[in-house]
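Report on the structure
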Amino acid sequence: MIAEEIKSELKQVVGEERFFDDPEEIVSFSYDAYILTSEPDVVIYPKTTEEVSGIMKIADREKIPVTCRGSGTNISAASLPVKKGIALCFTMMNKIIEVNTRDRYVIVEPGLINGELQKILAKEKFFYPPDPGSMNVSTIGGNIAQNAGGPRCLKYGVTSDYILAMEVVLASGKIVRFGSRNVKDVTGYKLSSLFCGSEGTLGIITEATLRVVPIAESHRTMLATYDDLEDTANTVADIIGSGILPVAMELMDKTVINVVAEASGMSLPREAEGMLLIEVDGVEEAVEKEMSRITEKARANGARDVTVAHTQKESDDLWAARRLAYGAFARLAPNCIVEDVTVPVSNVPKMIKATREIADRYQLHVGILAHAGDGNMHPLIAHDPKDKDELRRIEQAAKEIFETGVSLGGTLSGEHGIGLAKAEFLPLVMNQDTLDLMADIKKTLDPNGILNPGKFV
Amino acid sequence: MDTTDIDKCVKCGLCLTSCPVYFEVCREPVSPRGKVQFIAACNQQNLSISRNLENIFSQCLMCGTCTKNCPSGVRHDMLFMRMRSQIVQDFGRDWKKRVLYHFLSHEHQLQLASKFVKFGRNAILENLARETKLGNIQLKNMPKLNTVPFRKQVPVVVEPKGKLRGTVLYFTGCATNYVYGDIGHAVVKVLTTMGYRVEIPGDQVCCGLPMFSQGGFETAKTNILKNTALLDRSGDTAVIVDCATCGYALRNGYTEILEELNADPSTAKRLSLKVRDISEFISQHFDALEPHFDPEKPSVKVTYHAPCHLRNSPAVGTPLIEQLLEKIPGVDYIRAEDTDSCCGGGGTFFYDHPEISKQIVDRKIKNATETGADLWVTGCPECRVNLSGNLKNPESLQVIHPVQLMERSLKRTTK
């Protein structure tokens, strides 16, 4: 509980109209896209760095937990206020401060929707590469806090590769700025790497300068279908191993193909065991050449059909269908968990085989989806949260999937983050001294432990 | 309340930015996901119906975009209508809306009220207005009502020119009948030119959607049953509507509401198969109209606003209308950046939430103006009221129905 006089103090910082403690607002911040719920005490929508700083000074003094949130689309409970306190929501702090394609950067506020930034940049024939599945909804602040990835990160890299500079409000309310507008910048520690992916546990991002890149001259999207899921995975390993670097290589198994076909109304090869959605970009001649090499490799690995999208619309439709996968899979049952274990690409065939075997052994309804080109697996587990026995089996299966992934040189999460969902599995990939180091960093930056408490650190 | 749909929601949040209201307000409680979770919380008794909740559920344009885009197949529209119905039962209805619904559900009273127009005033509208504004619209920018209702201006049966291709029933809707007679005349002109006998049943009543989208299912039922009985005839080629919203009601809403009320939906289902939006109908029978266009027509720049109930209709959608516009001689079609987004009118939304509505419509106007178009076509009279009512300079960008554009493009001899 937050005392009334503290509430009025907080209200003074942002004004009555952006401070809420009514039951409706509280309920609407008690969830994100993960299955757990927990209510905050108050919800505040800041619009300026100074307001954030003002709120943090009060919160730190009173030791009130503060959990930041953008659109609340993450699937690891990273934005869930598990220790109650303040839910700090950035959706109203959403301006684009500067677009500078000459020097190839943009400066934005954290609440800006990724997709809105893409629209503005597209007019200048530029784009910002990180493209999480939620990109039309999720905010840049959330993307940075989670170090978001996405399909095209295979070629272009993830969020942390695109941060040039940041403004961060610390737990104490102090405002720090680091980085510059230059790609080359070794002035001091690279602090952006510390805050990017910290999931709101170290500081609050209030402004970011992001690197943007020109849209390639030419794009091609193709679809390869297989009668055997292993052939699908082998194609991926073969292509990446041969030195070709597509923008994205998305793998879907039969279950996912059918669910997506159902939800999108698109005609996809429903009887296929596996499907690869591959995109390449670059100058026209290179794209042509890469496409024919990819087609060769796909066929050599057993693809029974390879089709190239002929129009922009065909290509857009294929990608729209792919983006539907997660939500559509949830049609099969009341809920859907998506795991995020990531392995070196040469081990993708082994990982897929193991996942299938584990899912069958625990009698789970699993669909396999993967950003296969970078080994980022997304097994989707449709389930009913009311079925306690099924939940227990899911927990067991998830543990085995993580262990298998780690034994294949992989890691717990490629892009979704640890949050609450995977906190207990951290010791699988980090020894105690490493965990202690993270705890020490956390203590230095947030001595009272008020920033997103109850999560992985 | 039926909650199967709530369980389908995985809280992915993909509906957030598809919601025009959320896009402006940026607060989770007004988002489609938020509203679904509120219904869930009420069912689990974690939350009770309150004035605040009533206000939240009124912050919905009923545009159906969330429903259309939901990967998990949640029927937000039906859930929200049911919730509104529940709220009305618990709290009663705002008296001004009661007056409005009373008129809409009693055709003869609506006709009586429209007689006041003869004194040159929008009497009903003025009573509903707050000072000089009705919602987000300046009263002086509200369209004047027809001096005589459209259906009284035309015979019940209008014979076609040339060879008879078939008979169509024309459901005029309230807007054409009482406000935009010009749309009605254009519909009749275009259809008869194409060779269709147009029959305009005099006993038709308001489609009922204004009532049921606010949760007034029982009030709407009388109108639904009257209209289905009247329009369900064998032998007619189609039932034509010129209003996106009436089209949605006749095509989808009727069956769903009757099912909701455990009434027999079979007549409504049969009727729904025959309903065609006028633009859709023309597009399907374009060969009948094409020879009558004037090929010498001077070029005119046209942009389009896709009404939610057409854009989200699987049978119509936006590309069909855009392709039709491009086929009209002399039309230089320019797409606006946000052709496909809601205008913010949304039934009584522009009246209940004028500030949010104004933000939404102003952005639409800005983008439409930037296309440099002379005409802004939209197949929904309510969007027309909202768009034209908010234009600062209505002379430079005239808002009309697509069928009016087609009528204007006909050869003089045909006229």
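Here the structure is a predicted model, which means the values were calculated and not measured.

The next subject is the sheet that holds strand β1 (residues 19-20) of chain A. Residues and elements named next belong to chain A. Spatially, the four strands line up as an open sheet ordered β1-β2-β4-β3, and their pairing is mixed. The strands lining the two open edges of the sheet, one partner per strand, are β1 and β3 (66-69). Sheet topology note: the β3/strand β4 (residues 86-89) ladder contains four bridges and is parallel. Bridging across to β4, threonine 67 finds its partner in alanine 87.

For the rest of this paragraph, the subject is the packing of aromatic side chains. Residues and elements named next belong to chain A. Under the criterion given, the structure shown has 10 aromatic pairs over all chains. A centroid spacing of 5.7 Å and a plane angle of 85° characterise the contact between phenylalanine 20 and tyrosine 45, whose relative ring orientation is edge-to-face. Placement of phenylalanine 20 in strand β1 and of tyrosine 45 in the loop between β2 (42-44) and α3 (49-62) is noted, with a sequence separation of 25 residues between them. The residues phenylalanine 20 and tyrosine 45 share a single accessibility class, namely buried. Ring geometry for tyrosine 128 versus tyrosine 162: centroids 6.2 Å apart, planes at 80°, classification edge-to-face. Residue tyrosine 128 is found in the loop between β7 (126-127) and α5 (140-145), and its partner tyrosine 162 is found in the loop between α6 (153-156) and β8 (163-169); the two are separated by 34 residues along the sequence.

Core analysis: the biggest nonpolar cluster contains 117 residues, and Phe212 and Ile282 of chain B have the highest contact counts within it. Per-element tally for this core: the top contributor is helix α15 (residues 244-260) of chain B, with eight residues. Other than its neighbours up to four places away in sequence, phenylalanine 212 of chain B contacts Met81, Phe217, Ala220, Ile224, Ala249, Gly253, Tyr254 and Ile257 of chain B. Listed in part, the 59 residues of the second largest apolar core include Leu121, Ile140, Ala208 and Met275 of chain A.

Another aspect to go through is the sheet that holds strand β3 (residues 157-158) of chain B. Residues and elements named next belong to chain B. One open sheet accounts for five strands, arranged β3-β5-β4-β6-β7; its pairing is mixed. In this open sheet, the two edge strands, each paired with only one partner strand, are β3 and β7 (275-277). One ladder, built from four bridges, connects strand β4 (residues 166-171) with strand β5 (residues 196-199); its direction is parallel. Following the sheet pairing, leucine 169 is matched in β5 by glutamate 199. Of the strands in this sheet, β3, β4, β5 and β6 (238-241) touch helix α12 (residues 181-194), which is tilted by about 145° from β5. Together, β4, β6 and β7 form the strand contacts of α15, whose direction differs from that of β7 by roughly 160°.

So, on to the environment of phenylalanine 286 of chain B. As for its placement among the helices and strands, phenylalanine 286 of chain B is situated in helix α18 (residues 286-289). Its relative accessible area of 6% is what places phenylalanine 286 of chain B among the buried residues.

Taken together, the contact pairs 41 residues of chain A with 32 residues of chain B. Between chain A and chain B lies a buried interface of about 2500 Å² when both sides are counted; carbon and sulfur atoms form 58% of it. Of all residues in chain A, Glu24, Tyr31 and Val137 of chain A give up the largest surface area on contact with chain B, accounting jointly for 24% of the area buried on that side. The tally of links between chain A and chain B comes to four salt bridges. A salt bridge links lysine 123 of chain A to glutamate 337 of chain B; the nearest nitrogen and oxygen atoms lie 3.2 Å apart. The interface formed by chain A and chain B includes 13 residue pairs in polar contact (both at pLDDT 80 or more). Within the residue set of the side of chain A that touches chain B, elements represented by two or more residues are α2 (23-28), α4 (114-123), α11 (312-329) and β16 (335-338) of chain A. Counted by class, the side of chain A that touches chain B contains 20 nonpolar, 12 polar and nine charged residues.

Residue and element names in this part refer to chain A. Following both chains from N to C, one finds helix α1 (residues 4-14) and α3 inclined at 165°, their axes separated by 8 Å at the closest point. Compared by their axis directions, α1 and α3 come out roughly antiparallel. Here α1 and α3 pass one another in a crossing that is right-handed. On the side of α1, the interface is formed by Ile6, Glu9, Leu10, Val13 and Val14, while α3 contributes Glu51, Gly54, Ile55, Ile58, Arg61 and Glu62. Partitioning the contact of α1 with α3 into residue classes produces six nonpolar, one polar and four charged.

Judged from the two bridges that link them, β3 of chain B and β5 of chain B form a sheet pairing that is antiparallel. Residue pairing in the sheet places valine 157 of chain B in a bridge with glutamate 199 of chain B of β5 of chain B.

Attention shifts here to the pattern of salt bridges. Residues and elements named next belong to chain A. Applying the stated rule across the entire model yields 51 salt bridges over all chains. Between aspartate 253 and arginine 356 there is a salt bridge, and its shortest N-O distance comes to 2.9 Å. Of this pair, aspartate 253 sits in strand β13 (residues 248-253) while arginine 356 sits in helix α12 (residues 348-361), placing them 103 residues apart in sequence. Between aspartate 389 and arginine 392 there is a salt bridge; the shortest N-O distance is 2.8 Å. Taken together, the positions of aspartate 389 and arginine 392, both in helix α13 (residues 388-407) and three residues apart, correspond to about one turn of that helix. Because the salt bridges share partners, they merge into one network encompassing Glu4, Lys7 and Asp21.

A separate point is the side chain of asparagine 335 of chain A. Structurally, asparagine 335 of chain A can be placed in strand β16. According to the relative accessible area criterion, asparagine 335 of chain A is buried, its value standing at 8%. With near-sequence residues (within four places) excluded, asparagine 335 of chain A lies in contact with Ile35, Ile381, Ala382, His383 and Pro385 of chain A together with Val10 of chain B.

Residues and elements named next belong to chain A. Structurally, the position occupied by histidine 365 is in strand β17 (residues 365-371). A relative accessible area of 41% places histidine 365 in the partly exposed class. In this view, histidine 365 contacts Thr255, Phe329, Leu332, Leu380, Ile381 and Ala382; residues no more than four positions away in its chain are not counted.

Below, the discussion takes up the packing of α12 of chain A against α13 of chain A. Residues and elements named next belong to chain A. Contact pair α12 / α13: the axes reach a minimum separation of 10 Å and the direction vectors enclose 160°. Regarding the angle of α12 to α13, the classification is roughly antiparallel. At the point where α12 passes α13, the crossing takes the right-handed sense. Across from Met351, Ala354, Thr355, Ile358 and Arg361 in α12, the residues of α13 making contact are Ala397, Glu400, Ile401, Thr404 and Gly405. Looking at the contact of α12 with α13 residue by residue, the class counts come to five nonpolar, three polar and two charged.

What counts, and at which threshold
- Residues numbered from 1 in each chain as written.
- Chains lettered and ligands numbered in written order.
- Predicted model: local features only at pLDDT ≥ 70, side-chain atom pairs only at ≥ 80, totals over all residues.
- Heavy atoms only, no water.
- Pairing = 2+ DSSP bridges.
- Helix = DSSP H or I, 4+ residues; strand = E, 2+ residues; numbered from the N terminus.
- Phe/Tyr/Trp six-rings, centres within 6.5 Å; stacked < 30°, edge-to-face > 60°.
- Buried < 20%, exposed > 50% of the residue type's maximum accessible area, 1.4 Å probe, protein only.
- Core = buried A, V, L, I, M, F, W, Y, C linked by side-chain atoms within 4.5 Å.
- Contact = heavy atoms within 4.5 Å.
- Axes fitted to C-alpha atoms, helices over the stretch in contact; angles between N-to-C directions.
- Buried area = accessible area lost by both parts, 1.4 Å probe.
- Salt bridge = Lys/Arg side-chain N within 4 Å of Asp/Glu carboxyl O.
- Polar contact = N/O pair within 3.5 Å; in protein donor to acceptor, adjacent residues only side chain to side chain.
- Nonpolar A, V, L, I, M, F, W, Y, C, P; charged D, E, K, R; others polar.
- Parallel < 35°, antiparallel > 145°, perpendicular 65-115°, else oblique.
- Left-handed = near helix turned anticlockwise from the far one by under 90°.

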